[in-house]
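Descriptive structure summary
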Amino acid sequence: MFRLAAIAGMICVANTLAAQDFTTLKGHGGPVMGIAVEPETGQVATSSFDNSVGLWTERDPEWLEGHDAAVVSIAFIDEATAVSGGDDFDIIIWSLETGQSKRLEGHQGKVAALAISPDQKLIASASWDGSVGLWPLDGSEPRFLTGHGSGVSDVLFTADGTRIFTSSADGTIRTWRLDESDGAPRIVVNQGFGVNQLILAPDESWLAYGAVDGVTRVVDPESGDTLRDFSLDRRPILSMAYHPETHALAAGDGHGYIMLIDTSDWRITRDFRAMRNGPVWALDFSNDGTLIYAGGIEDVAFAWPVAFLDEFDPAGGTVRSFLKDPEEMSNGERQFMRKCSICHALTPPPSRKAGPTLYEVFGRQAGTVAGYPYSDILDGSDIVWSDDTIDALFDIGPDHYIPGSKMPMQRITGEQDRKDLIAFLKQAANGNVPEQEREN
């Protein structure tokens, strides 16, 4: 149960963690896709591939469950309210006092980013359907802005709330006047490669962006003229964060590095490898700026003290099973690691992964693992998992074999590959679990 008293107790979270050298937030069942820190209380929220949002009191999580697919974006509206967006195309507003939620529907693609207006009356959502959603918190009808030629990757408000900036896979950054219902957006930057992330200075004197081609650039928000360029030979830029009081701008990339820039004199102050394996998908600063939080391919969010980043080795454990050298695995294990392991465990329930555990799956009726929120199509299904049904599932794909289920499109077209997967599952799903899967 979510309580105001618990929220009040979280005010000391940032200071408690800041006293430590390094911290890990463990509990998710999949990669950490988003991180947000509430600016007043220091409350940390994480969103994950496991379909959930985690709220952290020091290292102890409480889980917000409601999305039907990976949760990509997370933001705080105020101290007692959060909002998340996911691969299920939906937005959920969460009351942290009661745990109650409200679902907002209307996008036709994943919700990649969220922003809250300065007056806390409007949510803006960036979606891969190519639109920007504007959702009034008074419950009135949303409005959708279109104009980008591809998926929208990020959105942010100006300080007075009259405009938004958006970035897109179409390579452009655009600005929109919200008081012009039919006004076309103005292109500020057209850099050719997809733009993933935006940061706007509080005084709107500069706009920073990170792109697919590795560009980390600072431009004039009105003219689009380049003011600074911090591009390095690493791509893509996947995450950015800014702490106004310390003037610290952070950029995370696909190679696992975080670059820190002091915007008061525009110099790189740190450039360190944060992740042992995989990219940096999520970044945010603690509310006092002493810590930087990051998430990536691990089921863990990490936090480092900004002043001592150079003293730490890359975070994360052994190589994730699905990233291992194929020569180290049998073909059946390789098929499982590539197609199944990100969503399914082989160990007994409970599991925090996005899908139900496959432990003792053979002979089990589909939709019957206790506690897992199945889609309606699988809840009460007459399918029994066997050699033949698992083969058919991957032969034609879940979206054809079980139309309407949550399972993503995953086909294994080779007959021998399917046989090898089934043979591996028969062994591993009955207790003989590979060491790397137990670790993950």
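Residue positions are given per chain, counted from 1 along the sequence in the order it is written. Residue-level local features of this predicted model are given only where pLDDT is at least 70; pairs of side-chain atoms are given and counted only at 80 or more, and the full residue set underlies all totals for whole chains, interfaces and linings. The basis for every side-chain value is the complete set of heavy atoms in the structure, and neither hydrogens nor water enter the calculation.

Within the protein, the regular secondary structure consists of seven helices and 28 strands. Scaling as 2.2 N^0.38, a compact globule of 440 residues should have a C-alpha radius of gyration of about 22 Å, and the protein matches this with 22 Å. Taken over the C-alpha atoms alone, the protein extends approximately 60 × 50 × 50 Å along its principal axes. Throughout, a contact is declared for two residues whenever any of their heavy atoms are within 4.5 Å. By sequence separation, contacts in the protein at least 24 residues apart represent 44% of the contacts at least 6 residues apart. Computed with a 1.4 Å probe, the accessible areas rest on the Shrake-Rupley method; for each residue, only the protein chains presented here act as cover. Accessible area for the protein stands at about 18600 Å²; split by element, carbon and sulfur atoms hold 48% of it. Positive and negative charge centroids in the protein, built from 34 and 65 side chains respectively, lie 4 Å apart. Only runs of H or I of at least four residues qualify as helices and only runs of E of at least two qualify as strands under DSSP, and these elements are numbered from the N terminus. Each radius of gyration is computed over the set of C-alpha atoms, and the globule rule expresses the reference value as 2.2 Å times the number of residues to the power 0.38. Note on charges: Lys and Arg go in the positive column, Asp and Glu in the negative column, and His and the chain ends are not counted at all. Lysine's charge is taken at NZ, arginine's at CZ, aspartate's at CG and glutamate's at CD.

Take the packing of aromatic side chains next. For this analysis, a ring pair means two rings from Phe, Tyr or Trp (six-membered ring only for Trp) whose centres lie within 6.5 Å, classed as stacked if their planes differ by under 30 degrees, edge-to-face if by over 60, and tilted for the remaining angles. Per the counting criterion, the structure on display carries 12 aromatic pairs. Ring plane angle 40° and centroid distance 6.0 Å describe the contact between Phe302 and Trp304, whose orientation is recorded as tilted. For the pair formed by Phe302 and Trp304, the shared burial category is buried. Among the aromatic residues, ring-to-ring pairing joins Phe22, Phe272, Phe302, Trp304 and Phe312 into one connected group. Both a distance and an angle decide whether a charge sits over a ring: NZ of Lys or CZ of Arg must be within 6 Å of the ring centre and within 35 degrees of the ring normal. One residue, Arg234, lies across the ring of Tyr257, its end atom 4.0 Å from the ring centre. Positioned over the ring face of Phe362 is Lys426, at 5.9 Å from the centre of the ring. Only protein chains enter the accessibility calculation, which uses a 1.4 Å probe. A residue is then buried if its area is under 20% of the maximum for its type, exposed if over 50%, and partly exposed in between.

Now for the packing of helix 4 (residues 387–396) against helix 6 (residues 415–428). Relative orientation of the contacting elements helix 4 and helix 6 amounts to 135°, with a least axis distance of 10 Å. By the criterion of interaxial angle, the relationship of helix 4 to helix 6 is oblique. Here the hand of the crossing between helix 4 and helix 6 comes out right-handed. Residue-level inspection shows Asp387, Ile390, Asp391, Phe394 and Asp395 of helix 4 in contact with helix 6, the latter providing Arg418, Leu421, Ile422, Leu425 and Lys426. Nonpolar residues are Ala, Val, Leu, Ile, Met, Phe, Trp, Tyr, Cys and Pro. Charged residues are Asp, Glu, Lys and Arg, and all others, Gly as well, are polar. The residue inventory of the contact of helix 4 with helix 6, partitioned by class, reads five nonpolar, no polar and five charged. The axes are straight lines fitted to the C-alpha atoms, using for helices just the contacting stretch, and the angles between their N-to-C directions are given from 0 to 180°. Every angle not falling under 35 degrees, over 145, or within 65 to 115 is termed oblique; those three ranges are roughly parallel, roughly antiparallel and roughly perpendicular. In this scheme the handedness of a crossing depends on how the near helix is turned from the far one: anticlockwise by less than a right angle means left-handed, clockwise means right-handed.

What follows covers the pattern of salt bridges. When a carboxyl oxygen of Asp or Glu is within 4 Å of a side-chain nitrogen of Lys or Arg, the pair counts as a salt bridge. Under the defined criterion, the tally for this structure stands at 20 salt bridges. For Arg103, the salt bridge is made with Asp88, and the minimal N-O distance between the two is 3.7 Å. Taken together, the residues span a long stretch of sequence, with Arg103 in strand 9 (residues 101–104) and Asp88 in the loop between strand 7 (81–86) and strand 8 (91–95) at a distance of 15 residues. Under the relative-accessibility criterion, Arg103 is labelled partly exposed at 33%. Each of Arg163, Arg186, Glu204 and Glu222 takes part in a single network of salt bridges with overlapping partners.

Turning our attention to the confidence of the model for the protein. Of the residues in the protein, 90% have a pLDDT of 70 or more, and the chain-wide mean is 89. Scored below 50 in pLDDT, residues 1–19 shows 35 contacts in the model against residues more than four places distant or in partner chains. For every residue, the predictor reports its confidence as pLDDT, a number between 0 and 100. When the criterion is pLDDT under 50, residues 436–440 qualifies, and its contacts beyond four places in sequence or with other chains add up to 19 contacts.

Along the chain, the position of Thr389 falls in helix 4. According to the relative accessible area criterion, Thr389 is buried, its value standing at 14%. Within the structure, Thr389 has its side chain in polar contact with the backbone oxygen of Val384 (distance 2.9 Å). At 2.7 Å, the side chain of Thr389 forms a polar contact with the backbone nitrogen of Ser386. Setting aside anything within four residues of it in sequence, one finds Thr389 in contact with Ile383, Val384 and Tyr401. Here a polar contact means two N or O atoms within 3.5 Å. Within protein one must be a hydrogen donor candidate and the other an acceptor candidate, and residues neighboring in sequence count only if both atoms are side-chain atoms.

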